[in-house]
Amino acid sequence: MINKKVDNIQEALEGVTDNMTFLVGGFGLSGIPENAIAELVNLDVKGLTCISNNAGVDDFGLGLLLQKRQIKKMISSYVGENEEFERQMLSGELEVELIPQGTLAERCRAAQAGIPAFYTPAGYGTEVAEGKESREFNGKMYILEQAFKADFAFVKAWKGDEAGNLIFKGTARNFNPVMCGAAKITVAEVEELVPLGALDPNQIHIPGIFVQRILQGERYEKRIEQRTVRQRN
Amino acid sequence: MINKKVDNIQEALEGVTDNMTFLVGGFGLSGIPENAIAELVNLDVKGLTCISNNAGVDDFGLGLLLQKRQIKKMISSYVGENEEFERQMLSGELEVELIPQGTLAERCRAAQAGIPAFYTPAGYGTEVAEGKESREFNGKMYILEQAFKADFAFVKAWKGDEAGNLIFKGTARNFNPVMCGAAKITVAEVEELVPLGALDPNQIHIPGIFVQRILQGERYEKRIEQRTVRQRN
Amino acid sequence: MLDKTGIAQRIAKEVKDGYYVNLGIGIPTLVANYVRNDIEVEFQSENGVLGMGPFPFEGEEDADVINAGKQTITTLPGASFFDSALSFSMIRGQHVDLTILGAMEVAENGDIANWKIPGKMVKGMGGAMDLVASAENIIVAMMHTNREGESKLLKRCSLPLTGVGCVKKIVTNLAVVEVTPNGFKLLERAPGVSVEEIQKATEGTLIVEGDIPEMEL
Amino acid sequence: MLDKTGIAQRIAKEVKDGYYVNLGIGIPTLVANYVRNDIEVEFQSENGVLGMGPFPFEGEEDADVINAGKQTITTLPGASFFDSALSFSMIRGQHVDLTILGAMEVAENGDIANWKIPGKMVKGMGGAMDLVASAENIIVAMMHTNREGESKLLKRCSLPLTGVGCVKKIVTNLAVVEVTPNGFKLLERAPGVSVEEIQKATEGTLIVEGDIPEMEL
């Protein structure tokens, strides 16, 4: 097996420089690559373009990079819950491109799959369609969307092995699998790095071929954004 | 949960008529819907268009439908290993459309995913590209391929539950998952129908929403096409 | 006149046996509480879960199991988790039977605007554009008028669109309205609300044919 | 002159540490037997497996574990199974590092024909068109001439194409040849084969620069 294991987050992020484009997994604060984000803060790289469904909250997730003004442009589907984001966006410091969530997922998947472009109905007849080709198939209108191009993908999985095979947990899966292999280098951090052969080959969500570097994450806070519960009767 | 269970193969194939288009799972003889094929023979429906990677062998798989001249047209990527197929093809009784294997998979996946069309490099500059739009993206040439349209998808899984959730085994997975939800009605036959809740929600390959009918297959022969072994030292 | 709970209760009656349903944030989320329990329904959330159950008991929250509103949830037997691409395959591929979402404006041609107010902070469309462009059956849950008392059922939307010609039905605090080629067709009145009040609160063409029944909850 | 085993042996030297490799049917399949065992390589088969091992011991065959040649196989620790769409995501997305396949004809511009002879029974292209259109590194394994003694390294392919301008290297029973913008560049001679013999068996432009070494196996 081809060994993808790296020993620490510094090694995992080797090659990261200013002005790069990153795919960053997670939905809200669920399934985000906490260790990679922390190291990006530490590296203090600037001028970043981040493609991620959300932009974190003020003091967690991608919000940490926003606080240090490391991000030049965000490509997301939803960016609420973040005052610093709002301030930078309204002041023009931060460029923001909002795109439909399914289109975001599919543009990642297209990059992973070597599909340069595809048609989707999402956004037809709206601002999202401006400057894009529109086309009819079977009586319905669609717009042409293209695969993302990114330098690094930072994803977080539940379990992984040295071959780079990944298994995700619950809804922390979200965008992580489709970002694997959608950038030049995919860095996967996992909660638990298991021995080779410990994962059932039938139950691997993402085969190691889509991952260049894998590491055991040092620490996970796994913050809950909306703790919603019901009372026991 | 929405119950998709049907009690027998007759009920599973209700609505099947002459001249329909079917997606049929399997690679060679591995992972083919043996019970659905047997019932199609029994129903003696004619004029069928079958989209399946292969066409079976003379006395098994889709070869059984070919013997009874039920198939009008095959859309496949590879059709060796079948003398009756060859005879019908050369005599003009059978229409054959050969398409690249990855394009076959992706046209199924596109149908499942509501993507009407996508660009792929496979077949550019060859016969496969004739009559199709060619287009350059990032300096490379691609051709436009469209989603399949089919009446039924017949797939075979290893385990399933009444909600229609499916898990496949080994390389018998192949085209089966991408054909689920790629036709108007998806019929999944499984080796083992397990009680609701017995499958780990994290390990389901195809959620039940893509499946309209599920049944416990009565009997599986699971024939091996090329039994290749090594000797023990 | 209905409150938000009443709107959710009325919409719950549109949920039929065997439906896969995607509920938007806000009033739509409440709909799950009022669906008849003698029918089989599964709720999908676009962040990657099918077969959502109720909120967890206190102390049983799992950061890895949330809905699209980022709320902690539970799952029912037969549930499944999946990635965002497969989730939108369900939506774009029209495997979800019913989508219920809120709106700022709906036009009589079925256009919907619910994601952006020029000049204000824009949070984004999330999955709404995929949902409205794909769903065959879309019900909008909203108040009939905005805070300034202006109608949200218009001849043409004034705000940037989320989708075109897609809304099939609207349930508001005042009425149930169907979107037809000729305009908004009044189907039901909220308890105690007159046709005149609905007419007054509707800027778009309102078609009133025969007696309009009061809605049953 | 090499036999098929020799061709496979020579190609095995092109397989580098850390490569994901897709092997076609025929001579390419044999390559796996000769890859150095001090390097890490994984074999992908387009029917949906990564990390293939040797054939199973007799009695241990599993109908659900086969390769693209429909042969029963085993898997190594770290292997994975996946569906056909993800399999071709690996191929089309250029995640597979090296593709080795057979051919009927290769042209000096890198065109390849290996799936169809007009007038004869056509079995189909299988995954070959996806592989050749996508792979960044394609090596063709074939005999230098066909059964009639005619060259298979041509100025232009005469048979229907499988892909255009994609072949990078060819290993035959006579030679190792690189496809360059100016034609076939002779890199190595098979043991006991002269440059003249190779020249005679090559219809396309053959570039011979300096001394051509004999290949090492």
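Above this text you will find the structure in question.
What you are looking at is a predicted structure, and each value in this text was computed from that prediction instead of being measured.

Draft legend 1. Looking closely at the overall build of chain C. In terms of helices and strands, chain C carries five helices and 13 strands. Taking 2.2 N^0.38 as the reference for a compact globule, 217 residues should give roughly 17 Å; the C-alpha atoms of chain C span a radius of gyration of 17 Å, in line with that estimate. A principal-axis box enclosing the C-alpha atoms of chain C has dimensions of 50 × 40 × 30 Å. Across the 217 residues in chain C, those meeting the buried criterion constitute 63%. Counted over contacts in chain C with a minimum sequence separation of 6, partners at least 24 positions apart contribute 61%.

Draft legend 2. Inspection of the nonpolar core at higher detail. If you look at the biggest cluster of nonpolar residues, it comprises 95 residues, and the most contacted ones within it are Leu23 and Leu166 of chain A together with Leu23 and Leu166 of chain B. In this structure, Leu166 of chain B is in contact with Val155, Ala157, Lys159, Gly160, Cys180, Ala188, Val190, Ile204, His205, Ile206, Val211 and Ile214 of chain B, ignoring residues within four places of it in sequence. If you look at the next biggest cluster of nonpolar residues, it comprises 53 residues, including Val41, Val106, Ile138 and Met215 of chain C.

Draft legend 3. How the structure looks around the interface of chain A and chain D. Each partner contributes to the interface: chain A provides 23 residues, whereas chain D provides 24 residues. For the pair chain A and chain D, the summed buried surface comes to about 1900 Å²; carbon and sulfur atoms form 63% of the total. At the boundary of chain A and chain D, one finds zero salt bridges. Counting across the chain A and chain D interface gives seven residue pairs in polar contact (both at pLDDT 80 or more). Looking at the side of chain A that touches chain D residue by residue, the class counts come to eleven nonpolar, nine polar and three charged.

Draft legend 4. Representation of the interface of chain A and chain C. Contact with chain A, which involves 51 residues of that partner, is made by 48 residues of chain C. For the pair chain A and chain C, the summed buried surface comes to about 4300 Å²; carbon and sulfur atoms form 59% of the total. Across the chain A-chain C interface, the total number found is seven salt bridges. Inspection of the chain A/chain C interface yields 28 residue pairs in polar contact (both at pLDDT 80 or more). Counting residues per element, the ones that place at least two in the side of chain A that touches chain C are helix H4 (83-91), helix H5 (101-113) and helix H6 (176-179) of chain A. No other element matches H5 of chain A, which puts six residues into the side of chain A that touches chain C. Within the side of chain A that touches chain C, the residues separate by chemical class into 19 nonpolar, 18 polar and 14 charged.

Draft legend 5. Molecular detail of the packing of H5 of chain A against helix H3 (residues 84-92) of chain C. At a closest axis distance of 9 Å, the pairing of H5 of chain A and H3 of chain C adopts a crossing angle of 125°. The orientation of H5 of chain A relative to H3 of chain C falls into the category oblique. The interaxial crossing formed by H5 of chain A with H3 of chain C has left-handed handedness. Listed contacts from H3 of chain C to Gln101, Gly102, Ala105, Glu106 and Arg109 of chain A of H5 of chain A are Ser84, Ala85, Phe88 and Arg92 of chain C. For the contact of H5 of chain A with H3 of chain C, the per-class residue count stands at three nonpolar, three polar and three charged.

Draft legend 6. Looking closely at empty space enclosed by the protein. Scanning all chains against the criterion turns up twelve cavities of 30 Å³ or more. The calculated volume of the largest cavity comes to roughly 590 Å³. Contributing to the lining of the largest cavity are 32 residues, with His205 of chain A, Asp83 and Leu86 of chain C together with Asp83 and Leu86 of chain D lying nearest its centre. At the level of elements, H5 and H6 of chain A, helix H5 (101-113) and helix H6 (176-179) of chain B, H3 of chain C together with helix H3 (84-92) of chain D are the ones that each hand at least two residues to the lining of the largest cavity. Residues that form the lining of the largest cavity fall into these classes: 18 nonpolar, eight polar and six charged.

The rules behind the values
Residues numbered from 1 in each chain as written. Chains lettered and ligands numbered in written order. Predicted model: local features only at pLDDT ≥ 70, side-chain atom pairs only at ≥ 80, totals over all residues. Heavy atoms only, no water. Helix = DSSP H or I, 4+ residues; strand = E, 2+ residues; numbered from the N terminus. Rg over C-alpha atoms; globule rule 2.2 N^0.38 Å. Buried < 20%, exposed > 50% of the residue type's maximum accessible area, 1.4 Å probe, protein only. Contact = heavy atoms within 4.5 Å. Core = buried A, V, L, I, M, F, W, Y, C linked by side-chain atoms within 4.5 Å. Buried area = accessible area lost by both parts, 1.4 Å probe. Salt bridge = Lys/Arg side-chain N within 4 Å of Asp/Glu carboxyl O. Polar contact = N/O pair within 3.5 Å; in protein donor to acceptor, adjacent residues only side chain to side chain. Nonpolar A, V, L, I, M, F, W, Y, C, P; charged D, E, K, R; others polar. Axes fitted to C-alpha atoms, helices over the stretch in contact; angles between N-to-C directions. Parallel < 35°, antiparallel > 145°, perpendicular 65-115°, else oblique. Left-handed = near helix turned anticlockwise from the far one by under 90°. 1 Å grid on protein atoms, 1.4 Å probe; cavity = no way out; pocket = protein on both sides within 12 Å on 5 of 7 lines; lining within 4 Å. Points joined across faces, edges and corners; volume = space filled by probe spheres on them.

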